[in-house]
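# Descriptive structure summary
Residue strings, one per chain:
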Amino acid sequence: MNVSRSNYRVFSANSSSGCTELPTKITERLGVELGRSVVYQESNSETKVEVKESVRGQDVFIIQTIPRDVNTAVMELLVMAYALKSSCAKNIIGVIPYFPYSKQCKMRKRGSIVCKLLASMLAKAGEAELHGRGAVVLWEGLRANFSPFHLLYVFFFVFIILFSFCLFSCFRAQSYAERLRLGLVVMHGEGQHSESDMADGRHSPPLSRTTAGHTGLELPLMMPKEKPPITVVGDVGGRIAIIVDDIIDDVEDFVAAAERLKERGAYKIYIMATHGLLSAEAPRLIEESAIDEVVVTNTVPHEVQKLQCPKIKTVDVSLILAEAIRRIHNGESMSYLFRNIAVDD
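Anyway, here's the lowdown on the structure attached to this text. Predicted model, so just to flag it, every value in this text is computed and none were measured. Residue numbers run consecutively from 1 along every chain, following the written order of its sequence. Per-residue local features of the predicted model are confined to residues with pLDDT of at least 70, and side-chain atom pairs are confined, for both listing and counting, to 80 or more; whole-chain, interface and lining totals are unaffected and use all residues. The basis for every side-chain value is the complete set of heavy atoms in the structure, and neither hydrogens nor water enter the calculation.

So, on to the overall build of the protein. Scanning the protein from terminus to terminus reveals 9 helices and 12 strands. Each residue is assigned to one of three classes by its accessible area relative to the maximum for its type, calculated with a 1.4 Å probe on protein chains only: buried under 20%, partly exposed between the two thresholds, exposed over 50%. Burial statistics for the protein: of 345 residues in total, 45% are counted as buried. Contacts are residue-level and defined by heavy atoms, with any inter-residue pair within 4.5 Å sufficient. Pairs at least 24 apart in sequence give 69% of the contacts found in the protein among residues at least 6 apart. Helix and strand assignments follow DSSP, with helices taken as H or I runs no shorter than four residues and strands as E runs no shorter than two, numbered in order from the N terminus.

Printed below as a string of structure tokens:
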């Protein structure tokens, strides 16, 4: 890869050796060496970063992959950004393939938008670029502005239908279906989980109550809110079903959807997602389910999960990230990376 100017550095802010694979691949494609630094936790669990080379007046890219210990990775990124800022780096750009806390990007009940909080913390620590929906990244988790979908679909030689079972995923699936000239099947409703949402108020108010001051007068009976069952809209009989989403973590809904598709006659069932978090019992549930294959990218380390479940396959996104870094540094157009990509690309 041709880099016209060399006054930039690429660092990894991870202390875990298992998280250096993606940064190493990116720097190899760029033809540069990974910046020399030391990131570690002291005996009292405090994070410490030491930059071992000069970055004065340079563009600095921090590649941060997110391991299981999310909070430690976030702190490592913050301290690294501040250390580079203190070392007089010209521009500091975070390359965060999967933005932590991105699942907490909406206000729910009396919670908070943690994604926005983290973006503010990164901006204060020294990050130079703010992109869309409050995220401080080169790409917001690879899902707001750009998708490596064209890297994923080389895994599938025969596409029959694309499938989605939530509103935002439906828009994403429709975009993919149009690009690949395929049919679209929509699935709505949710799996029936007995204890997952007991605290959200669906079982209140009480079945009946008496109005104060009016003996014997009762309000109308109000039934608790119930989730609709999973329903398939479209014909999947004898066809390959491909479920698309941005994140696959808790897989109960995916497993339930696969079972329903299999009941409706789907020939094979694939799941395609950008970020394979695959927490807790996800590998075992996938292995025991009707899902034939799960294809994810290497934005998040998941080698342990692959050992537990051979159905999990990985696509490397280092090429597209390396090209993004090169274009950012040289001031070139970024739109080429996520526009005008044909089926043959």
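That was the structure; now back to the text.
Now for the pattern of salt bridges. What counts as a salt bridge is simple: a side-chain nitrogen of Lys or Arg found within 4 Å of a carboxyl oxygen of Asp or Glu. In total, this model carries 14 salt bridges according to the counting rule given. Between Glu-50 and Lys-52 there is a salt bridge, and its shortest N-O distance comes to 3.0 Å. Exposure remark for Lys-52: the relative accessible area of 42% places this residue in the partly exposed category. In this structure, Glu-288 and Arg-284 form a salt bridge, with 3.2 Å as the shortest nitrogen-oxygen distance. One network of salt bridges, in which partners are shared, links Glu-323, Arg-326, Arg-327 and Glu-332.

For this analysis, a ring pair means two rings from Phe, Tyr or Trp (six-membered ring only for Trp) whose centres lie within 6.5 Å, classed as stacked if their planes differ by under 30 degrees, edge-to-face if by over 60, and tilted for the remaining angles. All told, the structure shown has 1 aromatic pair when counted by the stated rule. Both rings, one in Tyr-8 and one in Phe-61, keep their centres 6.1 Å apart while their planes meet at 90 degrees; by these two values the pair is edge-to-face. One end of the pair, Tyr-8, is in strand 1 (residues 8-12); the other, Phe-61, is in strand 4 (residues 59-63), and 53 residues separate them in sequence. For the pair formed by Tyr-8 and Phe-61, the shared burial category is buried.

One can find Leu-118 in helix 3 (residues 114-125). Note on Leu-118: relative accessible area 4%, which makes it buried. Linking Leu-118 and Val-74, residues 44 residues apart in sequence, is a C-alpha distance of 8.5 Å. For Leu-118, the residues in contact, after removing those within four places along its chain, are Val-74, Phe-99, Pro-100 and Tyr-101.

Structurally, the α-helix is built with 3.6 residues per turn, so residues lying three or four positions apart point the same way. Within helix 1 (residues 21-30), burial applies to Leu-22, Pro-23, Ile-26, Thr-27 and Leu-30. Take helix 1 and look down its axis: the buried residues cluster within an arc of 130 degrees, on one side only. Close packing links the buried residues of helix 1 with strand 1, strand 4 and helix 9 (318-330). Phi for Gly-31, located one or two positions after helix 1, is positive at around 75 degrees. Arc definition: directions from the helix axis to the C-beta atoms.

For the rest of this paragraph, the subject is the sheet that holds strand 1. One bridge is not enough; two strands pair if DSSP finds at least two bridges between them. Judged by pairing direction, the sheet is parallel, and its 3 strands sit side by side in the order 1-4-5 without closing on themselves. The strands lining the two open edges of the sheet, one partner per strand, are strand 1 and strand 5 (91-95). Ignoring which end each strand starts from, the neighbouring axes of this sheet average 20 degrees apart. Inspection of the sheet shows strand 4 paired to strand 5 by 5 bridges, in the parallel sense. Of the residues in strand 5, the one forming a bridge with Asp-59 is Asn-91. Axis angles are defined between N-to-C directions and span 0 to 180 degrees, where every axis is a line fitted to C-alpha atoms and, for a helix, only to the segment in contact.

Another point: helix 2 (residues 70-86). By definition here, a helix of n residues has an expected span of 1.5 Å times n minus one. With 17 residues, helix 2 extends 24 Å between its outermost C-alpha atoms, agreeing within 8% with the 24 Å of an ideal straight helix rising 1.5 Å per residue. Residues Ala-73, Val-74, Glu-76, Leu-77, Leu-78, Met-80, Ala-81, Ala-83 and Leu-84 constitute the buried set of helix 2. Against strand 1, strand 2 (37-41), strand 3 (47-51), strand 4, strand 5 and helix 3 lie the buried residues of helix 2.

Let us look at the pairing of strand 10 (residues 268-276). Here strand 10 lies mainly inside the structure; 8 of its 9 residues are buried. Note that strand 9 (residues 240-248) and strand 10 share 8 bridges and pair parallel. Across the sheet, Ile-248 pairs through a bridge with Gly-276, a residue of strand 10. For crossovers, right-handed means that the path from the first strand over the helix to the second runs clockwise, given strands pointing away from the viewer. With respect to chirality, the unit in which strand 9 leads through helix 6 (residues 252-263) into the neighbouring parallel strand 10 is right-handed. In this region the chain leaves strand 10, passes through helix 7 (residues 282-287) and returns to the parallel neighbour strand 11 (residues 293-297); the handedness of that crossover is right-handed.

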